[in-house]
Amino acid sequence: MADIVLSTLNARYIHTAIGLRSIRANLKEFRERTTIAEYTISDQLIDVAEKLLALEPRIIGLGVYIWNGLQVAQLIRIIKAVDPGVIIVLGGPEVSHLPLRLELESADYLVQGEGENNFYRLCRELLAGHRPEQRLIPPDPPDPGRLVLPYDEYLDEDILHRVCYVEASRGCPFCCEFCLSSMDKTVRYFPLEAFLAALETLWQRGARNFKFIDRTFNLQLATVTRILDFFLAKEPPYLVHFEVIPDHFPPPLKEQLRQFPPGSLQLEVGIQTLNPEVAAGISRRLNMDKIRTNLRFLEQETRAHLHVDLIIGLPGESAQGFGDNLNLLTSLTRAEIQLGVLKKLSGTAISRHDRTHRMVYSPLPPYEILATDQIDFQEMQGLKRLTRFWDLLYNSGNFPRSVRLLWEEGDTFQGFKAFSGWLYQETHSTWKISLKRMAELLYRYLVEELQQEGTRIAEAIAGDLQRIQGRPLPPLIRAQLKTGSKKPAPAQAITEEAKSIGRRQQKHLA
Ligand code: SF4
């Protein structure tokens with residue numbers, strides 16, 4: 001039983017909600033009367049409601065984000081229907097800015113912004129039997145130096161099986177209009193010695209998977225250097241993830257990054273657009289020379305796993321403009337390229353473009369862009385499918401050589417876009433396509449549609465798949481390899497051979 005239950009619906013089990021942990025850590029005399037109960041968006045809401053109410057709380061605090069907004073809105077209606085007396089307090093980005101986009105009438109209180117101070121004060125009132133009249137509680141950002149760090153709130157199970165989210169700072173000095181962090185321009189740092197001591201405790205408890213949620217980790221060299229030194233002194237295996245800006249890698253930072261062993265460092269490099277006009281339109285810095293130099297450095301001189309981001313649907317950017325970004329980026333790096341779709345985040349300045357660029361967003365979470373003056377709805381849908389297929393073929397790393405045959409030395413975007421359109425016509429789906437089926441579809445497209453030479457394509461795909469030992473080849477690929485012909489084997493021969501191989505392999509193929 002607990003007086004207060006803090007909960008949210010995470011996107012996946014492996015994610016841990018650092019926000020809930022920070023709230024509990026700072027609940028002073030109520031901390032011991034507070035339980036954290038996390039679920040995922042895949043859980044049945046009725047079951048979540050049952051589990052929360054079984055704890056018999058007087059107050060339920062729920063974190064609301066774009067990925068769980070609809071589910072949380074339904075969850076609180078179920079909880080209130082069963083137990084109207086329980087007090088529901090919401091926090092998180094989706095309640096931090098007006099107008100609210102979700103139907104949250106059933107909630108009793110909404111705490112805006114960083115919640116540590118305000119949630120404590122509200123609970124103190126409520127547990128004393130007072131019901132404040134003000135439902136919407138405005139932000140009161142805490143001084144990180146006065147907060148209790150949240151890391152003791154991680155359970156052993158979290159540490160061993162989930163990602164440990166950590167933060168050395170809050171806020172970002174930059175103004176990219178699509179980003180929530182652009183509204184919190186003062187960067188505030190947690191006291192470094194205390195933070196490093198907390199990292200050490202987590203490490204001693206067995207934590208090896210750390211994700212820093214600092215928005216621009218490589219901003220303040222003095223802090224970054226100490227944190228990187230902390231990890232460089234540790235024995236691998238471990239994995240630490242940082243989000244970095246692409247234009248700030250001073251020499252001492254480069255020297256440290258060079259020292260990380262393979263598999264231990266993951267860097268998320270926000271690029272978003274490479275078009276200077278589009279970047280200026282959304283108040284984003286863009287220094288192409290530094291991007292080129294630093295991507296080359298990261299790729300050639302470090303062993304970090306790189307993950308770079310581009311956004312589709314920015315104000316003023318056409319489909320071909322986005323394609324030009326993709327072409328340039330694939331020429332600069334072989335890193336994973338995350339293709340995101342613009343979302344209208346609550347309270348951000350991106351809304352100032354709504355009229356001038358005829359920006360149409362989905363009215364439902366996650367509020368993705370549906371159309372702009374440059375990209376109509378149909379084309380946007382095609383681009384969204386392209387992002388999904390890009391993940392399956394390019395970012396997955398399953399087809400490192402053969403995916404490039406879609407464009408050879410030519411136009412990455414046009415080559416992949418044509419394939420993406422064909423693939424969707426064949427599958428009518430962007431998910432649940434097995435690796436085996438994807439390999440056969442890629443083969444068929446390259447051979448039948450692009451008229452490429454069958455054995456060469458089969459060899460390329462087979463080479464990609466067999467980078468993992470013991471992975472069987474799809475029947476179509478084996479059949480082509482078996483015919484040994486330069487041209488694709490006649491369809492009938494392939495089909496018969498494939499059928500016979502398929503029967504033999506049926507038990508082994510994924
Ligand atoms: S996109 Fe990155 S650099 Fe821009 S405001 Fe957000 S966190 Fe800061």
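Conventions adopted
- Residues numbered from 1 in each chain as written.
- Predicted model: local features only at pLDDT ≥ 70, side-chain atom pairs only at ≥ 80, totals over all residues.
- Heavy atoms only, no water.
- Axes fitted to C-alpha atoms, helices over the stretch in contact; angles between N-to-C directions.
- Helix = DSSP H or I, 4+ residues; strand = E, 2+ residues; numbered from the N terminus.
- Parallel < 35°, antiparallel > 145°, perpendicular 65-115°, else oblique.
- Contact = heavy atoms within 4.5 Å.
- Nonpolar A, V, L, I, M, F, W, Y, C, P; charged D, E, K, R; others polar.
- Phe/Tyr/Trp six-rings, centres within 6.5 Å; stacked < 30°, edge-to-face > 60°.
- Lys NZ or Arg CZ within 6 Å of the ring centre and 35° of its normal.
- Domains from an automatic or database assignment.
- Buried area = accessible area lost by both parts, 1.4 Å probe.
- Buried < 20%, exposed > 50% of the residue type's maximum accessible area, 1.4 Å probe, protein only.
- Pairing = 2+ DSSP bridges.
- Right-handed = clockwise from strand over helix to strand, strands pointing away.

A pair of packed helices is characterised by two quantities: the angle between their axes and the separation of those axes. Orientation of helix H14 (residues 435-449) relative to helix H16 (residues 475-483), taken along the N-to-C sense of each, is 50°, at an axis distance of 8 Å. Judged by the angle between their axes, H14 and H16 are oblique. In contact with Lys-436, Ala-439, Glu-440, Tyr-443 and Arg-444 of H14, H16 contributes Pro-475, Leu-476, Ile-477 and Gln-480. By residue class, the composition of the contact of H14 with H16 is 5 nonpolar, 1 polar and 3 charged.

One pass over the full model with this rule turns up 23 aromatic pairs. Relative to Trp-67, the ring of Tyr-65 lies with its centre 4.5 Å away and its plane at 5°, an arrangement referred to as stacked. Members of the aromatic cluster, joined through ring pairs, are Tyr-151, Tyr-154, Phe-195, Trp-203, Phe-210, Phe-212, Phe-217, Phe-230, Phe-231, Tyr-238 and Phe-242. Geometry around Tyr-13 places Arg-162 over its ring, the cationic atom sitting 4.8 Å from the centre. Here the basic side chain of Lys-254 rests over the ring of Phe-297, its NZ or CZ set 5.0 Å away from the ring centre.

Here we come to the domain arrangement of the protein chain. The domain architecture assigned to the protein chain consists of domain 1 (4-137), domain 2 (154-375) and domain 3 (397-510). Across the contact, 18 residues belong to domain 1 and 24 residues belong to domain 2. Overall, the association of domain 1 and domain 2 removes approximately 1,900 Å² of surface from exposure, summing both partners, and the carbon and sulfur fraction of that is 54%. Area buried by domain 1 at its contact with domain 2 is led by Ile-18, Ile-66 and Arg-101, which between them contribute 31% of it. Counting residues per element, the side of domain 1 that touches domain 2 draws most heavily on helix H1 (residues 18-25), at 3 residues. When its residues are assigned to classes, the side of domain 1 that touches domain 2 shows 7 nonpolar, 5 polar and 6 charged.

Turning our attention to the pairing of strand S12 (residues 265-272). Within S12, 8 of the 8 residues are buried, which leaves it mostly tucked inside the rest of the structure. Here S12 shows a buried face lined by Leu-265, Leu-267, Val-269 and Ile-271 and a second buried face lined by Gln-266, Glu-268, Gly-270 and Gln-272. Direction of pairing for strand S11 (residues 239-244) relative to S12: parallel, over a ladder of 5 bridges. In the sheet register, Val-244 faces S12, and the bridge partner there is Val-269. As a crossover connection, the stretch from S11 through helix H8 (residues 251-259) into S12 is right-handed. Two strands pair when backbone bridges link them, and S12 and strand S13 (residues 305-312) are joined in this way by 6 bridges, in the parallel orientation. Residue pairing for S13: Gln-272 is matched across the bridge by Leu-310.

A few words now on unusual backbone geometry. In the segment running from Leu-98 into Pro-99, the intervening peptide bond is cis, with an omega of -5°. Its location among the elements puts Pro-99 in the loop between strand S4 (87-91) and strand S5 (109-111). In this structure, Glu-56 is a non-glycine residue whose phi angle is positive, near 50°. Looking at the element boundaries, Glu-56 is found in the loop between helix H2 (45-54) and strand S3 (59-63). Here Glu-56 falls in the exposed class, since its relative accessible area comes to 54%.

Attention shifts here to the sheet that holds S13. Read from one edge of the open sheet, 6 strands run S7-S10-S11-S12-S13-S14, paired in parallel fashion. Unpaired on one side and paired on the other, strand S7 (164-166) and strand S14 (336-341) mark the two borders of the sheet. Put simply, the sheet's adjacent strands are angled 20° from each other on average, direction ignored. Each of S7 and strand S10 (209-212) touches helix H6 (residues 192-204); the most contacted strand, S10, lies at about 155° to it.

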